[in-house]
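Listed here are the chains, written in short residue letters.
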Amino acid sequence: MSDPIQLKDEGNKHFQAGDIDKAIECYTNALKECTDKKVQAVIYRNRSACYLKKESYSNAVSDASKAIDEDASDIKALYRRCQALEKLGKLDMAFKDVQRCATLEPKNKTFLETLRRLGAEIQAKLKTTFSTDSRVQNMFDILLDEEMDKEKKEKAANNLIVLSREDAGAERIFQNNGVTLLLNMIETGKPEMIVAAVRTLSGMCTGHKAQAMAIVNMVGVDKICSIMALDNEEIALATCNLFQCINDSLTGGDTRDYGKEASLVLDASKDLKTILLALLEMIANKKVSGHGRDQALNLLTKNVPCKDKKERDHSRTLFTIDHGLKKILKVCGQVPELPDQLPLTENTQLIASVLLNKLYDDLKCDPERANFKEICDEYIKSKIDPNNMDKTLHAINTISGLLQGPFEVGNSLVGQQGVMEMMVALCGSERDVDQMVAVEALIHASTKMSRASFFITNGVSLLKDIYKKTKNERIKIRALVGLCKLGSAGGDDYGLRQFAEGSTEKLAKQCRKWLCNPQIDSKTRKWAIEGLAYLTNDADVKDDFVEDELAMKAMFELAKSRDKTVLYAVACTLVNCTNSYDKKEIIPELVQLAKFSKQHVPEQHPKDKKDFIEKRVKRLLKAGVISALAVMVKADSAILTDQTKEMLARVFLALTEDPKDRGTIVAHGGGKALIPLALEGTDKGKVKASYALAKIAAVSNPEIAFPGERVYEVIRPLVSLLHTDKEGAENYEALRGLTNLAGFSEKLRIKLVKEKALPEIENHMFEENEKIRLAATECMCNLVTCKEVQARYLEDGNDKLKLLVLLCGEDDEKLQTAAAGGLAMITAAEKKLCSKMTRVTVQWLEILQRLCLHTNPSIQHRGLVIVYNMLSSDDFELAKKLIESEMLEILTVIGKAEDNPKRQDPIDVARTCLVKAMDLGLIKPFTSPS
């Protein structure tokens, strides 16, 4: 057995040495061996001090209490418990402990000061609490008063929402029967009251697991769903946000330490399952509005599939497929023109297709995919009925939904016997709705080129017949889109045009005509953009389209509308017009080989050359493309997929190519719109958006380009471009952008350091490429005023300062200016670096003399400032060494020169250096003989 006294003494030694973990271990072992209660009390008191150091305040309170139980007048234990209780926010209990301490030792200044401070804090808290309580009650009184005027109600609602976002405020709302009062607001049935109540509940749930679970149980999941089901877009969005806040808090958004209460709070699985089942129930419920259905589908899309492919637990996806796949298929199959259909918005069915695609992508193995296909197959077969055309239409429309989602599944269903024949038969039906559904299905089915070639031989005549014979514009336009899609099956390859010369231009002209016709409903005009999305693969069509300003503006107006199903087609059209898609590199040797073996060689259209692309970009900017893109990026819907975001990022990058256009982009909100694209989406899309952001950040005033707090969000995307796996041009633009931001404010410099940009910038200062090296040095020059950066230069064992000194000796004047500027600022801020500079390289004096003799006044000025910093560095030996060298002669020559506006700065600094040398007694003032 170990001696507890010896273990206690060892613990004390470890505590004195600062090894807190070892001290805790010794005290814990001592407690296991000790039977003497008085010794135990001392050990508990000591271990309490350790826990205080470790900021483990609950344990500190527990140990101090055990010591006090043995000796109620243990003043050290009382004070330690007081300190821990204060940190835990239990001010009244802490006050009682320090009050006992002050009674035992009335002259102890520490106790008296703590007593005074805690008393003041308790008074302030009570004042706040009472005032908050009365404010909360007052707000509810105003909101629930039928006769109160509208303006006061709006103000009270906004105040309540703001209060709910603060921890103390949310707590006061809870304690003042707030949830019941919020339900009373909802029961009024007034949209503005419902929105205010729901937003307040969202604030109370955000980042607080216990409150989120309490609200779920007090309000009820069914009640929240019934609010989201209302036919009001604003209410549906607010309720969707409430569900999202609840989900985030229950799945890891809460970082609070609940201590002993954790077991009551942590298990949220039951609530999460209830919410998931309720959302699945909503999507096929006839009583749910279109807006409510959209938000239920959006929530499922965002929260069910795994966000990271590496995540192994996809049980939510499997559960959703088992309990909800048929319900999602039912939404896809709705035909709004038929009676007795679910309420939908223009976006609902595409959101359902996106959800199907994400669920299918989340499956990990072939048996899971086979099960998905089997459920879809069973559902389609159950709906196909030769005697009931409406049911058959539902089946065909469901296949259309799958073709827009998990194409592989839809493709396998189209390939089944009888399905294609049914589509063709429906095309010949007398009913307009039959033709419309069938043509749409044919369009979606011909996505793959192999299928397109099948249609070219079998379906073109069919679509032409429909186009010529039908008098219904809605069917005519869809038939035209089918022809457009088939005509563009060769992509941008000039040698693979499917139709005769001029046919695609004719099709495009008709699409533009429909697009500009305000008499046609927006849902039908959307199909004209679908047609252009395919046809603009042809450079002649692109050129004609950008010449037609009315057509462009009509497309941009549709892109800004509520109908988000148009986003993908608009993005495709813009990518084609700006040629911002990936281009395959054509290797001349392989072209010759292909020609020799009589293989097809891709050809570039003459109008796809650089000067034509530049003209198209200018025309798009003039027509207002940036404002349209800014609205598209804000689309709060699952329809804005990562692939669409990537296309928008590509367009933005193409638009920022010319520095002269970047001011226009910033003026129309392009800078702000790029930030979310750089933070979310595909890896390639994020890089493209970050590159465009860097180009804008390099030449714009950050306050204007990225107003408010947004400017801090720009740093991370730009830093990501500094990695060595990125292209040189991306490195260069990112460095230029960061240079501009670093020169703007100290807060931005600190943010840059926190994002670990310094090592990357330093690496680029060694770069062989002159442009990148200069950009990195200029960036560092703007960063050296930051204390964290100065600390890195003061550290031993690195070549940071040496590199800066050696760069001052390079021949490139711009590089010298940046390096010398950085060195001048950092030696002014940290005097120790003046001495360190002489130790890092033997060439320091030669380089410094070259700077001071430079013909460029700007560089000369920087060199002389470095000399002045060295003379002022409190290192007399260094100052003496400088003055004993040729530097004195250089300073004298410059200082004696006549005043010259062009070189005045270096002359003034040289004179100041000579005065400093005189003050140090290193030179004597010149006196004329008597």
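We now turn to the structure provided with this report.

Quick notes on the rules
- Residues numbered from 1 in each chain as written.
- Predicted model: local features only at pLDDT ≥ 70, side-chain atom pairs only at ≥ 80, totals over all residues.
- Heavy atoms only, no water.
- Phe/Tyr/Trp six-rings, centres within 6.5 Å; stacked < 30°, edge-to-face > 60°.
- Helix = DSSP H or I, 4+ residues; strand = E, 2+ residues; numbered from the N terminus.
- Buried < 20%, exposed > 50% of the residue type's maximum accessible area, 1.4 Å probe, protein only.
- Lys NZ or Arg CZ within 6 Å of the ring centre and 35° of its normal.
- Core = buried A, V, L, I, M, F, W, Y, C linked by side-chain atoms within 4.5 Å.
- Contact = heavy atoms within 4.5 Å.
- Patch = residues over 30% accessible without salt bridge, like charges linked within 9 Å, V, L, I, M, F, W, Y side chains within 5 Å.
- Areas by Shrake-Rupley, 256 points an atom, 1.4 Å probe, with all protein chains shown as cover.
- Salt bridge = Lys/Arg side-chain N within 4 Å of Asp/Glu carboxyl O.
- Lys, Arg positive; Asp, Glu negative; His and termini not counted.
- Charge placed at Lys NZ, Arg CZ, Asp CG, Glu CD.
- Expected span 1.5 Å × (residues − 1).
- Bend = angle between axes of the 7 residues up to and from the residue.

### Let's talk about the packing of aromatic side chains
Working step 1: One pass over the full model with this rule turns up two aromatic pairs.
Working step 2: Taking 5.2 Å as the distance between ring centres and 50 degrees as the angle between the ring planes, the aromatic pair formed by Tyr-79 and Phe-111 counts as tilted. Here Tyr-79 is found in helix α5 (residues 75-87), whereas its partner Phe-111 is found in helix α7 (residues 109-143), with 32 residues between them in sequence. Each of the two residues, Tyr-79 as well as Phe-111, counts as buried.
Working step 3: Over the aromatic face of Tyr-691 sits the side chain of Lys-695, whose NZ or CZ is 4.7 Å from the ring centroid.

### Let's talk about the nonpolar core
Working step 1: In this structure, Phe-372, Leu-515, Leu-629, Ile-761 and Leu-848 are the most contacted members of the largest nonpolar core, which totals 260 residues.
Working step 2: Leaving out residues up to four positions away in the same chain, Leu-848 has contacts with Met-837, Gly-863, Ile-866, Val-867, Met-870, Leu-882 and Met-887.
Working step 3: With 35 residues, the next largest nonpolar core counts Ile-20, Ala-30, Leu-91 and Ala-94 among its residues.

### Looking at a positive patch on the surface
Working step 1: Taken together, the side chains of Lys-302, Lys-307, Arg-316 and Lys-358 present a region of like positive charge at the surface.
Working step 2: Take Arg-316: it is sitting in helix α18 (residues 315-332).
Working step 3: Arg-316 gets classed as partly exposed once you look at its relative accessible area, which sits at 34%.

### Considerations on α18
Working step 1: Counted at 1.5 Å a residue, the expected span for α18 with its 18 residues is 26 Å, and the 24 Å between its end C-alpha atoms agrees.
Working step 2: Roughly 65 degrees is the biggest bend found in α18, and it falls at Gly-324.
Working step 3: Within the span of α18, buried status applies to Thr-317, Phe-319, Thr-320, Ile-321, Gly-324, Leu-325, Ile-328, Leu-329, Val-331 and Cys-332.
Working step 4: Buried residues along α18 sit in contact with α16 (269-283), α17 (290-303), α19 (348-361), α20 (366-383) and α21 (389-404).

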